[in-house]
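A closer look at the structure
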Amino acid sequence: MGKPRSGPGPDFVRAIVAEDLKTNKWGAKVVTRFPPEPNGYLHIGHAKSICLNFGIAQENEGGVCHLRFDDTNPCKEEEEYVESIKEDVRWLGFDWGEHEYYASDYFDQLYEWAVELIRKGKAYVCDLSTEQIREYRGTLKEPGKESPYRSRSVEESLDLIERMRAGEFEEGSRVLRAKIDMSSGNLNLRDPVMYRILKVPHHRTGDKWCIYPTYDFTHGQSDSIEKITHSICTLEFENPRPLYDWYLDRLGVHHPQQIEFARLNLSYTVLSKRKLIELVEAGHVRGWGDPRMPTISGLRRRGCTPEAIRNFCDRIGVSKSDSMVDIALLEHHVREDLNKRAPRVMAVLNPLRVVIENYPEGKVEELDAINNPEDPGMGTRKVPFSRVLYIEKDDFMEEPPKKFFRLSPGREVRLRYAYYITCTDVVKDRKTGEVVELRCTYDPETRGGGSPDGRKVKGTLHWVSALHALGAEVRLYDHLFTKENPNEIEEGADWKDYLSPDSLKILTSCRLEPSLAKAVSGSRFQFERKGYFCVDPDSSESKLVFNRTVTLRDTWAKILKAQQKG
C-alpha cells in the first residue's frame, strides 16, 4: 500500500485513479507529473497541483511523480527559475528522485514527429504573419479562413522546415502549423502553430535550435514519452485537450488520460503569473520572495510551514468548479500548525518604559517561563526581571473605557510569569503630552503570578527587562490587496488600484527578550499576545529582523463558529 492521505475522503481525481487501478487500465501503474514552465516562481496555486500530483503517486504503491520542466520558450526561461522550483517542491516535502525531466530533452523527438505529421499531410509550413494568422483564425461565432499555404505540397513543407531549422529564415517569416479544421467550433483546432522561429539561445540546449515547438505541441507528447498514466491539469487545459488528443492519435503513441480540476483562487490575492511579474518589475513588492507575495518562496520567508500549506491544500480539496477560497482558511492552517511547534517568547513592539519604584536597584531575578503550553516536552526557559521594564504602549490607558482591563492609574495587573504591579504615576513629554514612562509598585508576594491572599486581577501583560532587552526591527505584513477579489475591476479602475498601502508596516524600536539573541534565519516563534513571527534572512546578531507570519486572531474559526450557530 502507498502512503495514506491525512485529508478528507477521495476526490473525483483520486476516484478515477482508483477505478483505473481496479480495472488494470494502465497495468496497475500510477505515473503522474508536475510540469511547471521555468518562467517564474511557484505560488500557492502551484502548491495545490504539487500536493495533488505527488500525493496521488505517494498514496498508491509503486506510484511515481515526475518533475518535468516544460521549457519551450527560451525568451522567458531562466536557470534561476528552475532552481527555485526544485527548492520549493523539496521544501513542500516532495521528492521526484531520479525522475527530473525537461521538455528540451525531447526536442529531437518532437522535431521527428513534426516531420512525420508533414509526411502524413497533417502539417504544413505557413508564411502568414502572426497578425494574419490571428485574422484568418475567425471567432467563436465565425469560422476561420484557410491559409493560402495550406495546400502547399508535402515536399515543399519538408524542404522549408529543414531550412527553418538551419536558420535560413528570419523570425516571424514562417511557422509550422497542424492541418486540422479551420471551421471547428474549438478554436484550438483551427490549424494551430506547432513550430516558430526564435533565434534565441536556450538555457539548456544553447544555440542548437533556432526553431522551437509550441507549448501545445510539446505538452501531450512529453507526457507520452514519459509514459504518464494520468495527466492532471487545471481547467484551462480542458479546451486544448482535443488538440492534444489529435496529436497523440495521429502519431499513434502512448495516450495518457487527461483530467482537469479547478485552479485555486484565493481572496485578497492575485495568482496570475503576468500580474505577479508586473508587481515585481514595477517595484510594488521586494522581489518574488517578498512575504506579501503568494509565491512559495514568499510564504516561506513569511514563516509559513510546509505542513500548514499541505494541510490547507488537503482541506480545500479538488473539484471541477471554480470558486474563491477565503485567505482566512490558509491563515487558520498556518496558525494551527505554528501553535503546536512555535516556542513562546515575549516581545514588545511599541515600547513604553516602566519603572518599579519599590524594586531594589541593581537586582535581577531569573524567572521561569513556559516555552510552549501545547508541548510540555519543549520545557522552560529563564527570563530576566529587573527594576526597569518595557510594556506595550497600548497596554496602558490614562482614562480607560469600561472594559479595558490592562494597566491604568491606580489599577493592578499581572506581569506574565512575574509579579502584580500597580501604576502610581504617569510621566509625560512636556511638549507633546505623550506618556513616556510609568511609575509603578510591585507586590513581592505575588511572584509567579498568584497572590497569597487570593485577590484576582483581570489583566495579564507581557514585558521585557530594559537592561537585558534586544533591539529589533519587526515587519508587520498584511494582505497585499484591499479588495477581496482584485481581479474584479470596477469601470475606469486598474487592478493595481486595489494594492493596500498598509500591507507592510516596519517597526524599528522593538524590544525582545534576550533568549532570541542567537535566533537563526527561518526560526519561528509566537510573540505572546501579538502573533507568530519568523526570523528574516536580513537578520544578523547586530540587527535582528522578524516578519509577522500571522496574527493570533483566528478569523476562520470565527466564521466556522458563526456557520455552526446558524
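Okay, so let's go over this structure.

Basis of the calculations
Residues numbered from 1 in each chain as written. Predicted model: local features only at pLDDT ≥ 70, side-chain atom pairs only at ≥ 80, totals over all residues. Heavy atoms only, no water. Helix = DSSP H or I, 4+ residues; strand = E, 2+ residues; numbered from the N terminus. Buried < 20%, exposed > 50% of the residue type's maximum accessible area, 1.4 Å probe, protein only. Contact = heavy atoms within 4.5 Å. Pairing = 2+ DSSP bridges. Phe/Tyr/Trp six-rings, centres within 6.5 Å; stacked < 30°, edge-to-face > 60°. Axes fitted to C-alpha atoms, helices over the stretch in contact; angles between N-to-C directions. Right-handed = clockwise from strand over helix to strand, strands pointing away.

1. So, the environment of I211
Take I211: it is sitting in strand β7 (residues 211-213). Exposure remark for I211: the relative accessible area of 1% places this residue in the buried category. As a C-alpha pair, I211 and V175 span 36 residues in sequence and 9.0 Å in three-dimensional space. Not counting residues up to four positions away in its chain, the partners in contact with I211 are Y111, I161, M164, R165, Y195, R196, I197 and L198.

2. Quick look at the pairing of strand β19 (residues 420-428)
In the sheet, strand β18 (residues 412-415) pairs with β19 via 3 bridges, with the strands oriented antiparallel. Each residue of the ladder has a partner; that of E412, found in β19, is T422. Linking β18 back to β19 in an antiparallel pair, the connection comprises 4 residues, with Y417 at a positive phi of about 70 degrees. Direction of pairing for β19 relative to strand β20 (residues 435-443): antiparallel, over a ladder of 8 bridges. From the neighbouring strand, K428 faces β20, where its bridge partner is V435. Linking β19 to β20, which pair antiparallel, is a turn of 6 residues; within it G433 sits at a positive phi near 80 degrees.

3. With respect to the packing of aromatic side chains
Applying the stated criterion across every chain, the model contains 22 aromatic pairs. Plain terms: the ring middles of F385 and Y419 are 5.3 Å apart, the flat faces sit at 55 degrees to each other, and that makes the pair tilted. Note that F385 is positioned in strand β16 (residues 380-385) and Y419 in the loop between β18 and β19, a separation of 34 residues in sequence. The pair formed by F385 and Y419 is uniform in burial state, with each residue classed as buried.

4. Let's talk about the sheet that holds strand β24 (residues 504-512)
Strand order across the open sheet formed by 7 strands is β12-β25-β26-β27-β23-β24-β13, with mixed pairing between neighbours. Only two strands of the sheet have a single partner each, and these edge strands are β12 (344-345) and β13 (347-348). Examined bridge by bridge, strand β25 (residues 524-527) and strand β26 (residues 531-535) share 4 bridges and lie antiparallel to one another. Bridging across to β26, R524 finds its partner in C534. Against the sheet, helix α12 (residues 327-341) engages β12, β25, β26 and β27 (544-550), with an angle of about 120 degrees to β27.

5. Topic: the pairing of strand β1 (residues 31-34)
Burial along β1 is two-sided: V31 and R33 and T32 and F34, pointing in opposite directions, are all buried. Direction of pairing for β1 relative to strand β2 (residues 64-69): parallel, over a ladder of 4 bridges. When the bridges of β2 are listed, V31 appears paired with V64. Crossover β1 to β2 through helix α2 (residues 44-59) is right-handed.

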